[in-house]
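# A structural walkthrough
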Amino acid sequence: MRIVVAEDLYLLRDGMVRLIEAYGHEVVATATTGPETLEALLAWRPDVAVVDVRMPPTQSDEGLRAALAARAELPGLPVLILSQYVEQLYARELLADGTGAVGYLLKESVFDADQFIDALERVAAGGTAMDPAVIAKLLSSGSSTRRLDRLTEREHSVLSLMAEGLSNQAIAGRLFLSDSAISKYTTSLFGKLALTDDDNSNRRVLAVLAYLNEP
Amino acid sequence: MKTRQVTSWAASAGTGFARACVVLVLSMIVPAVWAAAVALAIRWGAGNPWSWLPVALVAPVATLALSRPVCRMFRSLIARWTDTVIAPGYRQAPPVVLMSTGYWWNGFSYERTSRDARLDQRWRLRWNDPANWRDLRFTAVVPLTAGLLAAIPPAGVAAAALGMAQPAVPARLIGLAGLALAVGSAPYAWRCVEPVAVRFLRASPAMELAERVDELTAQRADATIAQAAEIRRIERDLHDGAQARLVGLGLSLATAEKLMETDPEAARALMREARAGAATSLTELRELVKGINPPVLNDRGLVDAVRALALDSPLEVTVSAHERLRLDPPIESAAYFGTAELLTNAVKHAHATRARVYVARDDTGIVVTVEDDGRGGADERPGGGLAGLRRRLAVFDGTLDITSPAGGPTCVRMAVPCASS
């Protein structure tokens, strides 16, 4: 995969480039400021971009804005946001255009290199990779809670993992259950939530999140 | 045209006469008390020193007791008749607090019971309050100025009534003159009360400045205390949390290094532990940073930060705001933490299920209103969250209005004067 890394801290940028290259992917460009990021994304059209939220010159949400601007130019450009903190508001903004191929993870997710690269590949393939912290907040907040009451505890955890962007197989791995058991749970929870099933993982996550965002 | 002018003049003469009578009666209340006391003393025997006791004792006490209600009446009448508003400016009593020693502290002294503490506080406030001395001064001045002028129309009417009743022609003429005087002066006689009140009842600019300096001194002390407490909290959180965890991390790594040769399996387990520890201390640091300066507030400003709060709240929160506004960072942060605290209160104390937050700008500053559908009954206890919030807003000259009848709903309005950029 051809990857663009946008991160202003030298140590982290360097570490990430090494990690990505160690897994056999190619880093085509790096950027250290918001405008540079936008430029690199538009010029290189990478298979996936790793972008930090907070970057110079203003040290506010430059990176996120650059990513959103690039996606407005190139719809569906895969972007994985890596941030020091996860914020529902930003996650919702990323998901808002409904084209998928987005991820929003905490920076320490690079500690677990396998999962980080897995998330990168998922986003590049048009799927999503959301941080469990975001999903937990989305699932617990306000309006949708009452309708989620109908789910069993097991179905609830399957739904959280599905909303993170994992495939049935990956969910089975995380929960130490068989594939067939997971598909049973997904069928029953799709039924309870009245969502149409679809084997495209991206559409599946978007359907879940759209359901959660309903007022 | 002419008749209309005459009727309107007659109407203003009528209201003027009534107002003059009110001013006369109000301003003569205190002199009447003194006159009654003197009359009593003379009746009991002017030579007996004991008979002057009412004049020496009762009349001054009555003056002290009456000056405040009389002045309050004058202020409200002047505000109603003219557009001049005269602020009372009485000092507010600080809350009476039960100390851990069992004594009550009222801001001045320790007392054994809360009743004593309140009584003591009331007398001290009365004695020290410049507004109180202004009231007394006005009570003394007003009978000789506005009171005398306001007496003209009623006196004219009295002269007319007495003079007309006499058969003699000169007396009747005097009565007629009295009537003319009463009718002619009626629309104007009461008006003197306004300039007199402005001069003697309103605080002088110097006094207002002195009051303001006292207020600012108190605010500065509050700000210093709040800041020191905040720094202590941050220090404690760092010391107990991230710092301790990093020490543990170092220890695990040192042990792992030692075990690497002899027991690689145990070393690997320790490394895993260390990684988990690093992740936990990151989480703790993140929470700490969020408590000092929330990242969204920093990135996007108040409105989006409040939206982010709304998303994180277990309540169903709707946020209404007209524009994306950027304010001075300290004010923004005060408004943000205030909103966060109010939403927390709505969940924890009011057991609300939904809330509305309005963020708006007006000519003077920023106004944030938080309403919930909870059970209400929020009260502002000294040392409690709401009192702390009021103190934090007061640092910026901000105000806090709480409407929270028992049974709900609660509506809290925070207003901070500022100029937005």
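Residue numbers run consecutively from 1 along every chain, following the written order of its sequence. For naming, the first written chain is A and the first written ligand is 1, with later ones following in the order written. Where local features are concerned, this predicted model is filtered to residues with pLDDT of at least 70; where side-chain atom pairs are given and counted, the filter is 80 or more; whole-chain, interface and lining totals use all residues. Think of the side-chain values as coming from all heavy atoms in the structure, minus any hydrogens and water.

Looking now at the overall build of chain A. What counts as a helix is a DSSP run of H or I of at least four residues, what counts as a strand is a run of E of at least two, and both are numbered from the N terminus. Each helix and strand counted, chain A has 11 helices and six strands in total. Per-residue burial for chain A yields a buried fraction of 53% across its 215 residues. Considering only contacts within chain A whose residues lie at least 6 apart along the sequence, 66% involve residues at least 24 apart. In this description, accessible areas are obtained by the Shrake-Rupley approach with a 1.4 Å probe, and a residue is regarded as covered only by the protein chains that are shown. About 9,100 Å² of surface is accessible on chain A, with carbon and sulfur atoms providing 54% of the total. Remark: exposure states derive from per-residue accessible area (1.4 Å probe, protein chains only) relative to the maximum for the residue type, with buried under 20%, exposed over 50%, and partly exposed in between. Working rule for contacts: check all heavy atoms of both residues, and any pair within 4.5 Å makes them a contact.

Within chain B one finds 14 helices and eight strands. Each of the 421 residues in chain B was classed as buried or not, and the buried ones make up 35%. The long-range fraction of contacts in chain B, counting pairs at least 24 apart against all pairs at least 6 apart in sequence, stands at 64%. Accessible area of chain B: about 24,300 Å², with a carbon and sulfur share of 64%.

On to the interface of chain B and chain A, then. Counting from both sides, the interface comprises 22 residues of chain B and, opposite them, 24 residues of chain A. Note on chain B versus chain A: buried area summed over both sides is about 1,800 Å², and carbon and sulfur give 48% of it. Here, a salt bridge means any Lys or Arg side-chain nitrogen found within 4 Å of an Asp or Glu carboxyl oxygen. There are five salt bridges connecting chain B and chain A. Arg54 of chain A is the partner of Asp299 of chain B in a salt bridge, and the nearest nitrogen-oxygen pair spans 3.3 Å. Breaking the side of chain B that touches chain A down by element, the ones donating at least two residues are helix H10 (264-292), helix H11 (295-300) and helix H12 (302-312) of chain B. Broken down by element, the side of chain B that touches chain A gets its largest block of residues, seven residues, from H10 of chain B. Buried surface area refers to the total accessible area, computed with a probe of radius 1.4 Å, that the two partners give up upon joining, counted for both partners together.

Turning our eyes to something else, we now look at the layout of surface pockets. All names here are of chain B. Cavities and pockets were defined on a 1 Å grid built over protein atoms only: a cavity is a set of grid points that admits a 1.4 Å probe from which the probe cannot escape, a pocket is an open set flanked by protein on both sides within 12 Å along at least five of seven lines, and lining residues are those with an atom within 4 Å of any such point. Grid points are joined across faces, edges and corners, and a volume is the space filled by probe spheres set on the points. The space that makes up the largest pocket amounts to roughly 1,400 Å³. Forming the boundary of the largest pocket are 32 residues, of which Gln92, Ala93, Pro94, Ala218 and Asp222 lie nearest the centre. Secondary structure elements with two or more residues in the lining of the largest pocket: helix H3 (114-128), helix H9 (205-262) and helix H14 (385-394). With eight residues, the top contributor of residues to the lining of the largest pocket is H9. A per-class count over the lining of the largest pocket returns 14 nonpolar, eight polar and 10 charged. Note: domain ranges come from an automatic or database domain assignment. Residue-level mapping places the lining of the largest pocket at the junction of two domains, with at least three residues from each of domain 2 (206-292) and domain 3 (299-417). When residues are grouped by polarity, Ala, Val, Leu, Ile, Met, Phe, Trp, Tyr, Cys and Pro land in nonpolar, Asp, Glu, Lys and Arg in charged, and all others, Gly among them, in polar.

So, about the confidence of the model for chain B. A low pLDDT means the predicted coordinates there should not be read in detail. Each residue carries a pLDDT score, the predictor's own confidence in it, on a scale running from 0 to 100. Of the residues in chain B, 99% have a pLDDT of 70 or more, and the chain-wide mean is 85. This complex was scored by the predictor with a pTM of 0.63 and an ipTM of 0.70.

Residues and elements named next belong to chain A. Strand pairing is assigned whenever DSSP identifies at least 2 bridges connecting the two strands. If you trace the six strands from one edge of the open sheet to the other, you get E2-E1-E3-E4-E5-E6, paired in parallel fashion. Every interior strand has two partners, whereas the edge strands, strand E2 (26-31) and strand E6 (128-130), have only one. Taken pair by pair, the neighbouring strands of this sheet meet at an average axis angle of 20 degrees, ignoring direction. A fitted line through C-alpha atoms serves as each axis, taken over the contacting stretch for helices, and the angle formed by two N-to-C directions is quoted from 0 to 180°. The strands touched by helix H1 (residues 10-22) are strand E1 (2-6), E2, strand E3 (48-52) and strand E4 (79-83); relative to E2, the strand with the most contacts, the crossing angle is about 165 degrees. Packing against the sheet, helix H4 (residues 88-95) makes contact with E4, strand E5 (102-106) and E6, and its axis sits at approximately 165 degrees to E5.

Let us look at helix H8 (residues 153-164) of chain A. Residues and elements named next belong to chain A. How far a helix is expected to stretch is found by multiplying one less than its residue total by 1.5 Å. The first and last C-alpha atoms of H8 sit 17 Å apart over 12 residues, in line with the 16 Å expected at 1.5 Å per residue. By the burial criterion, the buried members of H8 are Glu155, Val158, Leu159, Ser160, Leu161, Met162, Ala163 and Glu164. Where H8 terminates, the next one or two residues include Gly165, which has phi positive at roughly 115 degrees.

This part takes up the UniProt feature "modified residue: 4-aspartylphosphate" (unreviewed entry) in chain A. UniProt positions are given in the numbering used here, feature names are shortened, and annotations may be inferred rather than shown by experiment. According to UniProt, the positions carrying the feature "modified residue: 4-aspartylphosphate" (unreviewed entry) are Asp52 of chain A. Asp52 of chain A gets classed as buried once you look at its relative accessible area, which sits at 4%.

Further remarks concern the pattern of salt bridges. According to the stated counting rule, one finds 25 salt bridges over all chains in the structure shown. Put simply, Arg174 of chain A and Glu164 of chain A hold a salt bridge, and the shortest N to O gap is 3.7 Å. Taken together, the residues span a long stretch of sequence, with Arg174 of chain A in helix H9 (residues 168-175) and Glu164 of chain A in helix H8 at a distance of 10 residues. Judged by its relative accessible area of 33%, Arg174 of chain A falls in the partly exposed class. Judged by its relative accessible area of 8%, Glu164 of chain A falls in the buried class. Shared partners join several salt bridges into a network, and the residues in it are Asp61, Arg65 and Glu93 of chain A together with Arg300, Asp304 and Arg307 of chain B.

This part covers the sheet that holds strand E3 (residues 110-111) of chain B. Residue and element names in this part refer to chain B. Taken in spatial order, the three strands make up an open sheet running E1-E2-E3, and their pairing is antiparallel. Every interior strand has two partners, whereas the edge strands, strand E1 (97-98) and E3, have only one. Pairing between E1 and strand E2 (residues 104-105): two bridges, direction antiparallel. The partner of Leu98 across the bridge, within E2, is Trp104.

Now for the pairing of E2 of chain A. All names here are of chain A. Pairing of E1 with E2, which is carried by five bridges, proceeds in the parallel orientation. In the sheet register, Arg2 faces E2, and the bridge partner there is Glu26. Here, the term right-handed applies to a crossover whose path from the first strand over the helix to the second runs clockwise when the strands point away from the viewer. Handedness of the β-α-β unit built from E1, H1 and E2 comes out right-handed.

The next point concerns H1 of chain A. Residue and element names in this part refer to chain A. For H1, which comprises 13 residues, the first-to-last C-alpha distance of 18 Å matches the rise-based estimate of 18 Å (1.5 Å per residue) to within 8%. For H1, every residue scored as buried is listed here: Arg13, Met16, Val17, Leu19 and Ile20. Mapping the buried residues of H1 onto a view down its axis gives an arc of 165 degrees, with all of them on the same face. Facing away from the buried surface of H1 by more than 90 degrees, the exposed residues are Tyr10, Leu11, Arg18 and Ala22. Against the buried residues of H1 lie E1, E2, E3, E4 and helix H5 (113-124). Picture the helix axis, draw a direction to every C-beta atom, and the arc is the one those directions span.

Let us now look at the nonpolar core. Only buried Ala, Val, Leu, Ile, Met, Phe, Trp, Tyr and Cys residues count toward a nonpolar core, and they belong to the same one when joined by side-chain atoms within 4.5 Å. Counting 58 residues, the largest nonpolar core has Ile81, Tyr104 and Leu159 of chain A as the members making the most contacts within it. Among the elements that line this core, the one with the most residues is helix H11 (residues 201-213) of chain A, at six residues. Split by domain, this core shows at least three residues from each of two domains, domain 1 (2-131) and domain 2 (140-212) of chain A. Residues Ile366, Val368, Val370 and Leu386 of chain B belong to the second largest nonpolar core, which totals 34 residues.

Residue Pro57 of chain A follows Pro56 of chain A across a cis peptide bond; omega there is 5 degrees. Along the polypeptide, Pro57 of chain A turns up in the loop between E3 and helix H3 (62-73). In this model, Phe176 of chain A sits at a positive phi of 55 degrees, which is unusual for a non-glycine residue. Mapped onto the fold, Phe176 of chain A is located in the loop between H9 and helix H10 (179-193). One non-glycine residue, Asp397 of chain B, lies in the positive phi region at around 65 degrees.

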